Amino acid sequence: MKLAYTMAPGRGDTDLVLERLAAELAARSLRCCGTVQINSARADAGPCDMDVRVLPDGAVLRISQDLGPQARGCRLDPAALETAVAMVTATLSSGADLLIVNKFGKHEAEGRGFRSVIAEAVAMDIPVLVGLNALNRPAFESFAEGLAVQLPSDPAALMAWVEDVTPRVDEVA
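A brief structural summary. (Residues numbered from 1 in each chain as written. Predicted model: local features only at pLDDT ≥ 70, side-chain atom pairs only at ≥ 80, totals over all residues. Heavy atoms only, no water.)

**Side note on the packing of helix α2 (residues 78-93) against helix α4 (residues 115-123)**
Spelled out, the test is: Angles here are taken between N-to-C directions and fall from 0 to 180 degrees, while the axes themselves are lines fitted to C-alpha atoms, restricted in helices to the stretch in contact. Runs of H or I in DSSP of at least four residues are treated as helices and runs of E of at least two as strands, each being numbered from the N terminus. Each angle receives one of four descriptions, namely roughly parallel if under 35 degrees, roughly antiparallel if over 145, roughly perpendicular if within 65 to 115, and oblique otherwise. Should any heavy atoms of two residues lie within 4.5 Å, those residues are counted as being in contact. When residues are sorted by character, Ala, Val, Leu, Ile, Met, Phe, Trp, Tyr, Cys and Pro go into the nonpolar class, Asp, Glu, Lys and Arg into the charged class, and all the rest, Gly among them, into the polar class.
It is at 10 Å that the axes of α2 and α4 come closest, and there the two elements cross at 10 degrees. When the axes of α2 and α4 are compared, the pair comes out roughly parallel. Judged by residue contacts, Val85, Val88, Thr89 and Leu92 of α2 engage Val117, Glu120 and Ala121 from α4. Considering only residue class, the contact of α2 with α4 consists of five nonpolar, one polar and one charged.

If you want it as structure tokens, here you go:
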């Protein structure tokens, strides 16, 4: 099984690392599908807006909701997330060298979101790289049944893993 996860220490750092990796892989002509997250600061100094870019074509979906300045609950827009899941599922079925999922989050921990896409990719022997935070790590480890490898958030280490588990670039082009 070619399942890996990475965790960067700072808020939003995993998103940045995976977005840069996806850009580098696209430049190398690898067929990546999945999502990378883009966080945008808000003028009102509230929590950032969260968007995902669907790989490889770049459709951008806002996955956060503006619940107002006093809101303290989860800002994820489940309908937008499921739209992204459907788009990635369609891309995965047409062939991919790698699946990148920006985050195994609360929805995935509860059995929704990208969980089924990750399982489908693993079943198809497509390598999967997932962003993870400490809060959802136990649920991910249970889901992965001990078969996932943790990778440092270092771009060179991530690229080395990708090169090890995907076809060579000259075989892809």
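**What about the pairing of strand β1 (residues 3-6)?**
On any regular strand, side chains alternate: one points to one face of the sheet, the next to the other face. Selection rule: Exposed residues in this analysis have more than 50% of their type's maximum accessible area, buried residues have under 20%, and partly exposed residues fall in between, with area computed by a 1.4 Å probe over protein chains only. Note on pairing: two strands pair once DSSP finds at least 2 bridges between them.
On β1, burial covers both faces: Leu3 and Tyr5 on one face and Ala4 and Thr6 on the other are all buried. Pairing between β1 and strand β6 (residues 128-131): four bridges, direction parallel. Bridging across to β6, Ala4 finds its partner in Leu129. Relative to strand β7 (residues 149-151), β1 is paired through three bridges, and the arrangement is parallel. Opposite Thr6, over in β7, you have Leu151 as the bridge partner.

**Focus: the pattern of salt bridges**
Selection rule: Whenever Lys or Arg places a side-chain nitrogen within 4 Å of a carboxyl oxygen from Asp or Glu, that contact is recorded as a salt bridge.
For the structure shown, the criterion picks out eight salt bridges. One salt bridge in this structure joins Arg53 and Glu19, with 3.3 Å as the shortest N-O distance. Of the two residues, Arg53 sits in strand β3 (residues 49-55) while Glu19 sits in helix α1 (residues 13-27), which places them 34 residues apart along the sequence. For Arg53, a relative accessible area of 18% gives the class buried. In this structure Glu19 comes out as partly exposed when scored by relative accessible area, which is 26%. Close ionic contact of Arg112 with Glu110 constitutes a salt bridge, the shortest N to O distance being 2.7 Å. Its relative accessible area of 39% is what places Arg112 among the partly exposed residues. A relative accessible area of 45% places Glu110 in the partly exposed class. Put simply, Glu24, Arg28 and Glu163 are held in one network by salt bridges that share partners.

**Some points on the nonpolar core**
As a rule of thumb, nonpolar side chains are buried together in soluble globular proteins. This is how it is decided: Only buried Ala, Val, Leu, Ile, Met, Phe, Trp, Tyr and Cys residues count toward a nonpolar core, and they belong to the same one when joined by side-chain atoms within 4.5 Å.
The biggest cluster of nonpolar side chains holds 31 residues, and the ones touching the most others in it are Leu99, Phe114, Ile118, Val130 and Phe140. Those elements that provide at least two residues to this core are β1, β3, α2, β5 (98-101), α4, β6 and α5 (137-144). At six residues, α2 tops the list of elements feeding residues into this core. Beyond its immediate sequence surroundings of up to four residues, Phe114 is in contact with Thr35, Leu81, Ala84, Val85, Val88, Val101 and Glu108. With 19 residues, the next largest nonpolar core counts Ala4, Leu21, Ile100 and Trp161 among its residues.

**Notes on the side chain of Gln37**
Quick note on the threshold: Counting of polar contacts relies on pairs of N or O atoms within 3.5 Å, with two restrictions inside protein: one atom must be capable of donating a hydrogen and the other of accepting it, and residues adjacent in sequence are counted only when both atoms are side-chain atoms.
As for its placement among the helices and strands, Gln37 is situated in strand β2 (residues 32-40). Under the relative-accessibility criterion, Gln37 is labelled buried at 7%. A polar atom in the side chain of Gln37 sits 2.9 Å from the side chain of Asn102. Setting aside anything within four residues of it in sequence, one finds Gln37 in contact with Asp15, Met50, Asp51, Val52, Ile63, Asn102 and Lys103.

**Focus on α4**
The following threshold applies: Of all possible arcs, the one meant is that of the directions from the helix axis to the C-beta atoms.
Looking at α4, one finds that the buried residues are Val117, Ile118 and Ala121. The buried residues of α4 occupy an angular sector of 100 degrees when projected down its axis, which confines them to one face. Buried residues along α4 sit against β1, α2, β5, β6 and α5. Just downstream of α4, Asp125 is the residue with a positive phi angle, here 65 degrees.

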